[in-house]
Amino acid sequence: MSNFTITAHSGAYNTTDNTMEYVNTAIKNKADIIEIDVRQRSDGTVAMAHDRIISNSQGEEVEPVLKAVKNTNALINLDIKETNLLPQLNTMIEKYDMADRVFMTGIEAKDVPAAKSGCPCVKYYLNYKPSKILINSKSYCTKLLSLLKSTGAVGINCNYLFSTKELSALLHSNGYKLSLWTVDYESAIKKAIAQQPDNITTHFPDKVKAIAESM
């Protein structure tokens, strides 16, 4: 299999998104990376949720996820949906000594200052929509690399539809990573693998693994 990790998208393995049912199932299936969406209740509790939390009864808490994953080999992708929660999230990450076991996605260029101040020891990908046309332009590539350098991101996290082999080559030749989401269909999986990304996020980790091993 190609040298890339597979992230189990929240709700993978036919589970409910952003629940401990999903987390525990991903652990049982030995997922490389477990993804959760992170938001904050009005009472300050950091919880799992993709959409805005309306009441303090919504969203399962994030702390049990750190507890459950700590004694496994899995990493955690924290998909940040609002940056105001980062200081409290950082406190939990430090409590469980998990800074080297978690990383953030959902961080756009405008969110970088909050990411750096709120979770200073946590690495993050830059959510970015690359141009499949302009990636062949030297000036565009220069601007893209300058953006990555200025933001301190480890690489780009993007929808697989906007990725190309040229993007992958550019990032890798300059020490950056490429993470693709959400790759579920066989044709998309084969196309994504051919681009040699560092990570593929999918609802079907076993399918991606099987296809990769057959290529």
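Coordinates for the structure precede this section.
Residues numbered from 1 in each chain as written. Predicted model: local features only at pLDDT ≥ 70, side-chain atom pairs only at ≥ 80, totals over all residues. Heavy atoms only, no water.

Side note on the pairing of strand 1 (residues 5–8)
So, point 1. Bridge count for strand 1 against strand 9 (residues 199–202) is 4 bridges, and the pairing is parallel. Counterpart to Ile-6 in the pairing with strand 9 is Ile-200. (Pairing = 2+ DSSP bridges. Helix = DSSP H or I, 4+ residues; strand = E, 2+ residues; numbered from the N terminus.)

A word on the layout of surface pockets
So, point 1. In this structure, the largest pocket encloses a volume near 370 Å³.
So, point 2. Lining of the largest pocket is provided by 17 residues; of these, Leu-75, Phe-103, Lys-123, Tyr-125 and Lys-177 occupy positions nearest its centre.
So, point 3. When contributions to the lining of the largest pocket are tallied by element, the ones reaching two or more residues are strand 5 (102–107) and strand 6 (123–127).
So, point 4. Split by residue class, the lining of the largest pocket holds 9 nonpolar, 3 polar and 5 charged.
So, point 5. Its boundaries defined by the atoms lining it, the second largest pocket holds a volume of some 250 Å³.
So, point 6. Around the second largest pocket, the lining comprises 17 residues; the ones closest to its centre are Glu-35, Asp-37, Asp-79, Lys-81 and Trp-181.
So, point 7. At the level of secondary structure, the elements contributing two or more residues to the lining of the second largest pocket comprise strand 2 (33–40), strand 4 (75–80), strand 5 and strand 8 (177–181).
So, point 8. Looking at which element gives the most residues to the lining of the second largest pocket, the answer is strand 4, with 3 residues.
So, point 9. Classifying every residue of the lining of the second largest pocket by side-chain character gives 2 nonpolar, 10 polar and 5 charged. (1 Å grid on protein atoms, 1.4 Å probe; cavity = no way out; pocket = protein on both sides within 12 Å on 5 of 7 lines; lining within 4 Å. Points joined across faces, edges and corners; volume = space filled by probe spheres on them. Nonpolar A, V, L, I, M, F, W, Y, C, P; charged D, E, K, R; others polar.)

Re the pattern of salt bridges
So, point 1. For the coordinates displayed, the defined rule picks out 6 salt bridges.
So, point 2. Glu-63 serves as the salt-bridge partner of Lys-95, at 2.7 Å between the closest nitrogen and oxygen. Taken together, the positions of Lys-95 in helix 3 (residues 86–95) and Glu-63 in helix 2 (residues 63–70) put the pair 32 residues apart, joining distant regions of the chain.
So, point 3. Connected through shared salt-bridge partners, Asp-37, Asp-79 and Lys-81 make up one network. (Salt bridge = Lys/Arg side-chain N within 4 Å of Asp/Glu carboxyl O.)

With respect to the packing of aromatic side chains
So, point 1. Using the criterion set out here, one finds 1 aromatic pair in the structure.
So, point 2. Arranged with centres 5.7 Å apart and planes meeting at 65 degrees, the rings of Phe-103 and Tyr-125 form a pair that is edge-to-face. One end of the pair, Phe-103, is in strand 5; the other, Tyr-125, is in strand 6, and 22 residues separate them in sequence. (Phe/Tyr/Trp six-rings, centres within 6.5 Å; stacked < 30°, edge-to-face > 60°.)

Here we look at the side chain of Gln-195
So, point 1. As for its position among the elements, Gln-195 is in the loop between helix 7 (186–194) and strand 9.
So, point 2. Residue classification places Gln-195 among the buried residues on the basis of a relative accessible area of 6%.
So, point 3. Apart from residues no more than four positions distant in its own chain, Gln-195 is found in contact with Ser-163, Thr-164, Lys-165, Ser-168 and Leu-180. (Buried < 20%, exposed > 50% of the residue type's maximum accessible area, 1.4 Å probe, protein only. Contact = heavy atoms within 4.5 Å.)

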